[in-house]
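Geometric and topological summary
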2 protein chains.
Amino acid sequence: MSAVGGAGRAEVVGLGLVGSSVALALRAAGWSVSGRDVDEERARRAVELGVVERVEADPEATIVFVATPVSEIAGVARSVLAARPGDSRLVVTDVGGVKSRVVAAVEDPRFVGGHPMAGSEQEGPDGADPDLFVGATWVLTPTKATDPEAFRRVRSVVGTLGADVVELEPERHDALVAIVSHLPHLAAANLMSLAADASTEHAVLLRLAAGGFRDMTRIAAGDPRIWPDIFRDNADAVLEALDDLRARLDEARRILVEKDRDALVALLERARSARRNLPPRAPRPESVVECRLPVPDRPGVLAEVTTVLGALGANIRDLEIAHSAEGERGVLVLVVDADDAEVVRAALVGRGYRPSFRALA
Amino acid sequence: MSAVGGAGRAEVVGLGLVGSSVALALRAAGWSVSGRDVDEERARRAVELGVVERVEADPEATIVFVATPVSEIAGVARSVLAARPGDSRLVVTDVGGVKSRVVAAVEDPRFVGGHPMAGSEQEGPDGADPDLFVGATWVLTPTKATDPEAFRRVRSVVGTLGADVVELEPERHDALVAIVSHLPHLAAANLMSLAADASTEHAVLLRLAAGGFRDMTRIAAGDPRIWPDIFRDNADAVLEALDDLRARLDEARRILVEKDRDALVALLERARSARRNLPPRAPRPESVVECRLPVPDRPGVLAEVTTVLGALGANIRDLEIAHSAEGERGVLVLVVDADDAEVVRAALVGRGYRPSFRALA
């Protein structure tokens, strides 16, 4: 373990945002890091910024992170492994958003599939951040074919970058991200297109499109370039989730046609309960509480509330603005430490707010 | 006009949040306001709070706002109008979220359908706010059968409450809210239920469910009680929108099965372009600019940014937190006055942020 836990040699292939951030985080943890990218200008920039020390394939690296586009991961991983057959000092992992195909295609006990749930709107080495993975969930997908020692080493290194490792089977990972990421993206894109196509009076539509619609379609505004590979490589899981949604919308159609009020109420109540039990982002739900604060939908209020809590030394673990379904009001949803709940309540009430608190655990 | 524009007599039937806020806003504009509610305790509370002056049907009222649940609007409006046949001093309007059925059911030239796009999480007279409608869009739906003078009077009164009136045919209103409100609500509820049903490992799902999923399902957390009436009364328009979405998801299925990359890219690009042209909430898009600010997804940053802008005297017209698709980073989207853009840019760059600006007009 000392060889990987301390100052070993690592290589990162693909110096986009995630790869560059892995490289910086590894350097901060004491690793000697080389890197490569098909874009030579990008590789040069990574050296210039100190993201990597050298641009080369490092035959002495004990861990290689493959951070290329999803479509190239398997090929790169196989070639890195093939160059050092039987060398058990080497482990290879990747950061792709889809896992089954890559894991099946590599078939080497020294390969461990991975997916850090972290990213940003920045791009390339210039956006790199050594703290990108601190507190982030990092999925690893070992299989029966994986050398347990290789998995242990990758898990250990990822842990030193600050991430929380979650171990999942590749197929399970793909099924879950299909549900919480890929299908919602597809639904948002289609809702947005539908609205754009439906209205010849675009200005009127904009005036009626309130917070709920904005929230639902926000992810459709993101960079579409990463999605074609994801939908190709995770087509089976996305299709399964999509067919599930289609069946549910067929049932919704039946409910509307037959005016089946009981079934409608049951659907909405179930969704509401599930959503309210989805905490904003709380690693230890028992240690935090949710504070809901009706506010005028004016950002001046945000500054006041965040400043009041800052002055108390209360840590805001998360914050959401739940715009009301319509109009200019909203609810500020804060997640604060349970220990701070009473002082936060007192301070907010003292300023004329009407906070309500509930446990998340 | 002086009879309605000045200190006339008004009546509000239904003293929930919107009705009570209408009453308070009318009082603030100089009206003498009586009110009624089937819940006598609520009516008593409205008098106690000064929301209305009297609990009674006022035979002298020149304008009556019907703010009952959607299913009772037509009956109440008809009975108010029937009690004063031919009395042209009387106009009646409502605040329901669906318009065609109500407007068709009332059939009196003195009735004008209405829908203020405003609300809050508060309930009843205790949540009433005389400024609820300031700057809000208020749809009015006159028809060929509507007395133009009645429409003119309702529009004038609604304008004095601070709202911006948008005139739409009832069917057009219903078709648009089906697209931007009712269908998205149905989709969010089904996506949330799907995720809740799919995962036996609920804790793992929660860890993978990042900002995008939270944004998409947020509206499903709202109070479901208002929805059954809305889906019943607007079933035709919602069905039309739902069938449109179902056809689009069928096409998405084809794209996934056939791996039609070009069609997928076209879909995602179109949605992205439409969403990026949906401004957060800008009454005069030419006077404001959007500032996108990549930030660590930590609320301490919010306090800093809002405080910096406050110190500059720059007005934040709107603010959204676009959580990244995954992980702990996000983008703060601020809408600021165009005149302030340069000082805001300088101040943020000076603090180490990397803002980008774009026009919304």
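A quick note: this is a predicted structure, and the numbers were derived from the prediction, not measured.

Details of the relation of the copies chain A and chain B
For the pair chain A and chain B, the best superposition has an RMSD of 0.1 Å and corresponds to a rotation of 180° with a translation of 0.0 Å parallel to the axis. Both chain copies can therefore be described as sitting about a two-fold axis. It is Met216(A) whose C-alpha, among those of chain A, lies nearest the rotation axis, at 2.1 Å. Of all interface residues in chain A, 100% are interface residues in chain B too; the two copies therefore contact each other through one and the same surface.

Re the pairing of strand β5 (residues 91-94) of chain A
Residues and elements named next belong to chain A. Burial along β5 is two-sided: the residues Val91 and Thr93 and Val92 and Asp94 are all buried. Bridge analysis of strand β4 (residues 63-66) against β5 gives four bridges, and the strand direction is parallel. The residue bridging Val64 from the neighbouring strand is Val92, located in β5. Crossover connection from β4 via helix α4 (residues 73-82) to parallel β5: handedness right-handed. Sheet topology note: the β5/strand β6 (residues 111-116) ladder contains two bridges and is parallel. Across the sheet, residue Thr93 finds its bridge partner in β6, namely Val112.

Quick notes on the nonpolar core
One finds Val12(A), Ala77(A), Val12(B) and Ala77(B) to be the most contacted residues of the largest nonpolar core, which totals 194 residues. What Ala77(A) contacts, discounting residues up to four positions off in sequence, is Val66(A), Val92(A), Asp94(A), Val106(A) and Phe111(A). Residues Leu302(A), Val305(A), Leu348(A) and Leu319(B) belong to the second largest nonpolar core, which totals 34 residues.

As for the packing of helix α7 (residues 170-198) of chain B against helix α11 (residues 235-258) of chain B
Residues and elements named next belong to chain B. With their axes 8 Å apart at the nearest point, α7 and α11 run at an angle of 60° to one another. Accordingly, the angle class assigned to the pair α7 and α11 is oblique. Like other packed secondary-structure pairs, α7 and α11 cross with a definite hand, here right-handed. Counted together, Asp174, Ala175, Ala178, Ile179, His182, Leu183, Leu186 and Ala187 of α7 and Ala237, Val238, Ala241, Leu242 and Leu245 of α11 form the full contact between these two elements. The class makeup of the residues in the contact of α7 with α11 is 11 nonpolar, one polar and one charged.

Comments concerning the domain arrangement of chain A
All names here are of chain A. According to the domain assignment, chain A consists of domain 1 (2-167), domain 2 (173-276) and domain 3 (285-359). On a C-alpha basis, the centroid separation for the pair domain 1 and domain 2 is 33 Å. Across the boundary between the two partners, domain 1 contributes 11 residues, which contact seven residues of domain 2. Listing elements by their share of the side of domain 1 that touches domain 2, those giving two or more residues are α5 (100-106) and β7 (137-141). A class-by-class count of the residues in the side of domain 1 that touches domain 2 yields four nonpolar, five polar and two charged.

Notes on the confidence of the model for chain A
All names here are of chain A. On average, residues of chain A carry a pLDDT of 86, and 88% of them reach 70 or more. Confidence over residues 1-5 falls short of pLDDT 50; this stretch has 10 contacts with residues more than four positions distant or in other chains. Interface confidence for the predicted complex, given as ipTM, is 0.74, next to a pTM of 0.74.

Some points on the sheet that holds strand β2 (residues 32-36) of chain B
Pairing within the open sheet is mixed, and its eight strands lie in the order β3-β2-β1-β4-β5-β6-β7-β8 (chain B). Of all strands in the sheet, those with a lone pairing partner are β3 (54-55) and β8 (164-167) of chain B, marking the two edges.

Reading the values: rules and limits
- Residues numbered from 1 in each chain as written.
- Chains lettered and ligands numbered in written order.
- Predicted model: local features only at pLDDT ≥ 70, side-chain atom pairs only at ≥ 80, totals over all residues.
- Least-squares fit on C-alpha atoms with pLDDT ≥ 70 in both.
- Contact = placed C-beta atoms within 7 Å.
- Buried ≥ 20, exposed ≤ 12 C-beta atoms within 10 Å, placed from the backbone.
- Helix = DSSP H or I, 4+ residues; strand = E, 2+ residues; numbered from the N terminus.
- Pairing = 2+ DSSP bridges.
- Right-handed = clockwise from strand over helix to strand, strands pointing away.
- Core = buried A, V, L, I, M, F, W, Y, C linked by C-beta atoms within 7 Å.
- Axes fitted to C-alpha atoms, helices over the stretch in contact; angles between N-to-C directions.
- Parallel < 35°, antiparallel > 145°, perpendicular 65-115°, else oblique.
- Left-handed = near helix turned anticlockwise from the far one by under 90°.
- Nonpolar A, V, L, I, M, F, W, Y, C, P; charged D, E, K, R; others polar.
- Domains from an automatic or database assignment.
- pLDDT = per-residue confidence, 0-100.

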